[in-house]
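Residue strings, one per chain:
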Amino acid sequence: YVLLKLGRRAEAVEAFERAISVREDAAFRVALGGAKLEAGDPEGALDQYTRAAAIDPKNVKALLGTAVVHERAGRTNEAFEQLARARELDRTNPLV
């Protein structure tokens, strides 16, 4: 996360990919999705968020990330579907 904060997106992507190579984890996939999104790779981000949700179907951050990618691509129906799923899982989350 520090690398992202410093604007070193490519290095952040590499770091998260290394982490995943050591241990498959939904949180790492979500983080990699965010890094890819910030690095200008929305489809790569979507792939990572989708993989995170496959590992942990109740991962609200994966659903929110997916919604962001869909919204930025103009796929508002898909974005709202993901937001609705996230809201069902966590009604107290102010982001949903």
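Residues numbered from 1 in each chain as written. Predicted model: local features only at pLDDT ≥ 70, side-chain atom pairs only at ≥ 80, totals over all residues. Heavy atoms only, no water.

**Digging into the pattern of salt bridges**
For side chains of opposite charge, pairing can occur when their charged atoms come near one another.
Inference 1: Scanning all chains against the criterion turns up eight salt bridges.
Inference 2: Between R29 and E24 there is a salt bridge, with the nearest N and O atoms lying 2.7 Å from each other.
Inference 3: Looking at R29, the relative accessible area reads 9%, which means it is buried.
Inference 4: A relative accessible area of 44% means that E24 is categorised as partly exposed.
Inference 5: Residues joined by salt bridges that share partners form a network here, namely E17, K36 and D41. (Salt bridge = Lys/Arg side-chain N within 4 Å of Asp/Glu carboxyl O. Buried < 20%, exposed > 50% of the residue type's maximum accessible area, 1.4 Å probe, protein only.)

**Brief notes about the nonpolar core**
Inference 1: Counting residues in each nonpolar core, the largest one holds 10 residues, listed as A26, V30, L37, A45, L46, Y49, A52, A53, A62 and V69.
Inference 2: Where this core is concerned, the elements lending two or more residues are α3 (26-38), α4 (42-55) and α5 (60-72).
Inference 3: Take this core: its biggest share by element is five residues, from α4.
Inference 4: By size, the runner-up hydrophobic cluster in this structure holds eight residues, among which are L4, F16, I20 and L32. (Core = buried A, V, L, I, M, F, W, Y, C linked by side-chain atoms within 4.5 Å. Helix = DSSP H or I, 4+ residues; strand = E, 2+ residues; numbered from the N terminus.)

**A word on the environment of D90**
Inference 1: Checked against the element boundaries, D90 lands in the segment after α6 (76-89).
Inference 2: In sequence terms D90 and N59 are 31 residues apart; their C-alpha atoms lie 9.7 Å from each other.
Inference 3: In contact with D90, other than residues within four places in its own chain, are V60 and V96.
Inference 4: One polar contact links D90 to T92, side chain to side chain, over a distance of 2.8 Å. (Contact = heavy atoms within 4.5 Å. Polar contact = N/O pair within 3.5 Å; in protein donor to acceptor, adjacent residues only side chain to side chain.)

**Some remarks on the environment of P42**
Inference 1: Locating P42 in the fold gives a position in helix α4.
Inference 2: P42 has contacts with L37 and V69, leaving out every residue within four places of it along the chain.

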